[in-house]
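Understanding the architecture of this molecule
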Amino acid sequence: MSPRQAVHIKARRSASDVAFGLLAVLALAGLIGGVPYALVRYFGSPIPDGGFSLRMLTEDVGLSSVLDMLSIVVWLAWLQLAACVLVELIAGIRRVGVPARVPFASGPQALAHRLVTAALLLFAATAVVAPAVQALTPSAHQHTAVVAEQAPRTEKAEQVSDEALAPVQKTKKIYVVQPPHGRHHESLWEIAEKCLGEGRRYHEIYQLNQHREQPDGTKLRMADLIRVGWVLDMPDDAINVHVVSQDQDRPKTLAQHPDKPVELDGHTHYAQADAKDSPEVTRPAVKAGGAGGAGGSEAAPTVRESPAVSQDASQDASQTETTVAVRGHQQDADSPVSSAAVSGIAESWPDFLAAASLASAGLLAVLGGRRRRQLWDRAFGSRLPNPEGEAAVAEMALLLGADPHGSRLLDVGLRHLSKALAMQGRTPPTVFAAFLASTHLDLWIHPPEKEAPAPWAAHDGGRIWRLTANDGHRLPDLPDIFAPYPGLVSLGTSEAGRVLVDLEAAQGLINLRGRSHVVSAALAAMAVELATNRWSDHMRLVLVGFGEELSLIAPDRISVHPTLAEALPELEARAAEVRRALAASGVSSVLTGRSRGVYGEAWMPVYLLTAVPPTPEEATRLAELAQTGTRLASGYLVAGEEIRGASWTWELSPDGRARVGALGLDVHGQLLPQQQYAQVIELFRAAGQPGVAMEDPEPSGPAASQLHPGFRPSVDVRVLGSVEVIGPRPLEEERLPLCVELVTYLATHPGGVHPQVLTGALWPRGVEAPVRDATIARTREWLGIDGEGRSNLFADDQGRLHLGPEVRVDWLVFRELVRLSRSDPATEAARLGQALDLVRGPFLHGHPAGRYLWLAGDELVYEVSARVSDAARRLTELHLAAGDPARAMTAAQAGLRMSDEDEPLWRELLRAAHATGDVDTLRHWVESLRRWAATSRYQGRLVPETEALIQELLPAPARAAG
């Protein structure tokens, strides 16, 4: 069999195929030959005797004249049908893919297409005729493809000769999203109604286009968010669409498309979306009756700045595809690797979550606290449970998108501002919005104030107060100063940074309007950020109609009610408390009370976020609460259309833009769709699971031979502290971080790693195979060969990558030493001491931000800290039992190098210090523990067990004497 014959697909023709083909041939013969024969026989020539003349228009019209005109019409229809048959025959025989369109002949061409297709299939199995035109009915055509791949009829076709085999151009149907008409935007539902006849089939369009890059570089992530100019693949039975080559990319399709939106030129529009240099940022003008309820109509002048692109803009996770390898979805050591195993459930990268930089930072901080409490209760021989599946993917997105520096800049900068103004006897200004970039923090103020306390500086006549990032990061934390603007919450992002609005500044209701899916996503994002941010104190968040699961994240901040009627009493009681506090304290506003610290928690806010529109009676009660004429410690964000008495209207467009017209703000809204919201909840639910028992260490392969005194590694990989790869030849500085991460991943997964799994770990948002393979080859060359001439990076017969036997990994040596310590009580203390000497600091300390995201789904990080802690505690016990408290203290300190949040180890250190009999030594370590707690994010709080131990070992008189 020839190579050409080898690609043929054998098929059988049924009797129905033959019958259909014969009927099609007869129909074509009758239409092409029979119609003109009948016309000539019964009506004569269509050209009258003597030809056409103007006299024919003035003659009397009789039956013969009518019959003549009808015959002419039939002749014209026949000519059109004949042209359609000719076009379809040319397309089918030449296999050109998409046939030419015959003008004004969508119906006849559809008929011709069906007849020609059936006729050609009668003679050649590989005769595949492309779909005809956009108006074909669902049964009139199929997706063109190679034989036996697409159309049901071609699946039954049989093999043809080598001469008849020709390449076939695959095609697909597409629809280009059109611009809005007025306030009406297209949606997938409406497109499904127009093209598929049923709006409920919108999910078919969504599934065809999910994660596929559009001409503007973005991707379809939410079914409710589509953009003008997107090119959508459509199902085979769609109508009112266009047919293009299946291989044609979307930018080219858009550029050549007859229905291309007029405002898109294919360059300018999309160049703005992908621009690296941020455009000038215009401070929004405050309209009459806007921020602070000001009634002035003076429009603020425009101030143009050119800040650097913020982390939010530079880390746009929505620009790339994602393939993530997480625990439970990686390869089995003894099983073949499939692409599905690599991607796991992470086919949908939580890009909205990754883009919510401040919310991500808050979530990670709360998650860290949750794990710290788990660490306190961890039993000996167990580790913390690692997140798996969607929870691990969510943590990766949080790690990638979090902006802890921006979060701290907001927190510390605002508290210092409040303190400085209080020392000057001034009230903080009304801040209606804030702008956070990587280089600075701006507060947008109304009315303006020209004098800002250092290190803040006033701009634009006092309408903007600015704190540079350099000045802000040098400011110390002020946990004892009340947060002046706890109601600041992210509205969304521009190309240059993040915009926040102050819920309290509205002094009235804020009406949140938009489609239900978008509104729900916006409410979820705001609730998560408000519940976890660090620039708010003792906040109460009242949620109505959603957010019941958020109690897993912040139970002390959140109350949830199914209806507004149940929530209103709590809101009314809180408003009454604030009014009483204002009257009793004599201060003029909530801002003054916060800055001066009088009546403390009386100024702590309560914010309402409701997904349930109020009834008229509830709207009246809410308006009475909100419109007080003075600023209270409250904010009311109410979803619904045309909420009566609203001060601001917060509009969300179908494509996700957020607009607050009263403030002149228009940005990409911050959203957290339901799927990604559920991933966050699952992450915190996983963090509440009990510890996982660890199995005894397995023999660590090459590590056993590497303990020989004469062993000299050719490469030394250190992960028990800062990441280090020692020994290889020099490598270009810009390539070093990625190669080091690759080596680290292999070092911590000694069973071997398939390149596909490596792709998901090192490039969680996707990478092309040639780039991955080039990185592996570069790393192999960098690591070189060992003393036996073997490569220090090699692939086994199954394609898995390994490090060579002369590559020493400190973590594997640590495990081997711990294993050996259990086999011989006489050498246990010595082996554990050797193991702890390898610990230089926290696991993989100081790795670059945005990399090593695979740690989120890997149990290794929890196993390492648990095994080091257990080894330190065990060695401490051995030295105390041997009467050597000094060495016991050294063992405990070695464990604390790995994790200084391990309070059980701190308690072991205090017991060892007490055993020395030196009160000064014990007092020193108690004070060290207090200092650590004061400078950590837990603000001096220790667990009760630690406090009780301090009271027992160092009573109050002894502490006072020190």
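Structure first, text after, so check above.
To start, this report covers the structure provided alongside it. Keep in mind that this is a model prediction, so the values were computed, not measured.

Quick look at the pattern of salt bridges
Per the stated rule, a full pass over the model turns up 39 salt bridges. For Arg621, the salt bridge identified is with Glu572, shortest N-O distance 3.1 Å. Within this pair, whereas Arg621 is found in helix H19 (residues 616–626), its partner Glu572 is found in helix H17 (residues 564–585), the two being separated by 49 residues in sequence. Ionic contacts of the salt-bridge type, sharing partners, join the residues Arg408, Asp411, Arg415, Asp477 and Arg534 into one network.

Points about the pairing of strand S19 (residues 657–660)
Burial along S19 is one-sided: the residues Ala658 and Val660 are buried and none of Arg657 and Arg659 is. Pairing analysis gives three bridges linking strand S18 (residues 646–652) to S19, with the strands arranged antiparallel. Looking across to S19, one finds that Glu651 is bridged to Arg659. Between the antiparallel neighbours S18 and S19 lie four residues, among them Gly656 with a positive phi of about 90°. Taken together, the four bridges between S19 and strand S20 (residues 665–669) define a ladder with antiparallel strand orientation. For Ala658, the partnering residue across the bridge sits in S20 and is Val667.

Focus on the environment of Glu903
Structurally, Glu903 can be placed in helix H29 (residues 903–915). Separated by 40 residues in sequence, Glu903 and Val943 have C-alpha atoms that sit 7.9 Å apart. Other than its neighbours up to four places away in sequence, Glu903 contacts Arg372, Trp376, Trp932, Arg941, Leu942, Val943 and Thr946.

Some remarks on the nonpolar core
The biggest cluster of nonpolar side chains holds 77 residues, and the ones touching the most others in it are Leu541, Leu609 and Trp650. When residues of this core are assigned to their parent elements, the largest contribution, twelve residues, is made by helix H16 (residues 516–532). Among all residues touching Leu609, those that are not within four sequence positions of it are Leu523, Met526, Ala527, Leu530, Leu541, Val542, Leu543, Val544, Phe546 and Leu637.

Concerning the packing of helix H28 (residues 885–898) against H29
At a closest axis distance of 8 Å, the pairing of H28 and H29 adopts a crossing angle of 160°. Classified by the interaxial angle, the pair formed by H28 and H29 is roughly antiparallel. Where H28 crosses over H29, the two elements pack in a sense that is left-handed. For the pair H28 and H29, contact is made by Pro885, Ala888, Met889, Ala892, Gln893, Gly895 and Leu896 and by Leu905, Trp906, Leu909, Ala912, Ala913 and Ala915, respectively. Residues of the contact of H28 with H29, tallied by class, amount to eleven nonpolar, two polar and no charged.

What counts as what
Residues numbered from 1 in each chain as written. Predicted model: local features only at pLDDT ≥ 70, side-chain atom pairs only at ≥ 80, totals over all residues. Heavy atoms only, no water. Salt bridge = Lys/Arg side-chain N within 4 Å of Asp/Glu carboxyl O. Helix = DSSP H or I, 4+ residues; strand = E, 2+ residues; numbered from the N terminus. Buried < 20%, exposed > 50% of the residue type's maximum accessible area, 1.4 Å probe, protein only. Pairing = 2+ DSSP bridges. Contact = heavy atoms within 4.5 Å. Core = buried A, V, L, I, M, F, W, Y, C linked by side-chain atoms within 4.5 Å. Axes fitted to C-alpha atoms, helices over the stretch in contact; angles between N-to-C directions. Parallel < 35°, antiparallel > 145°, perpendicular 65-115°, else oblique. Left-handed = near helix turned anticlockwise from the far one by under 90°. Nonpolar A, V, L, I, M, F, W, Y, C, P; charged D, E, K, R; others polar.

Shape descriptors only; they carry no functional weight alone.
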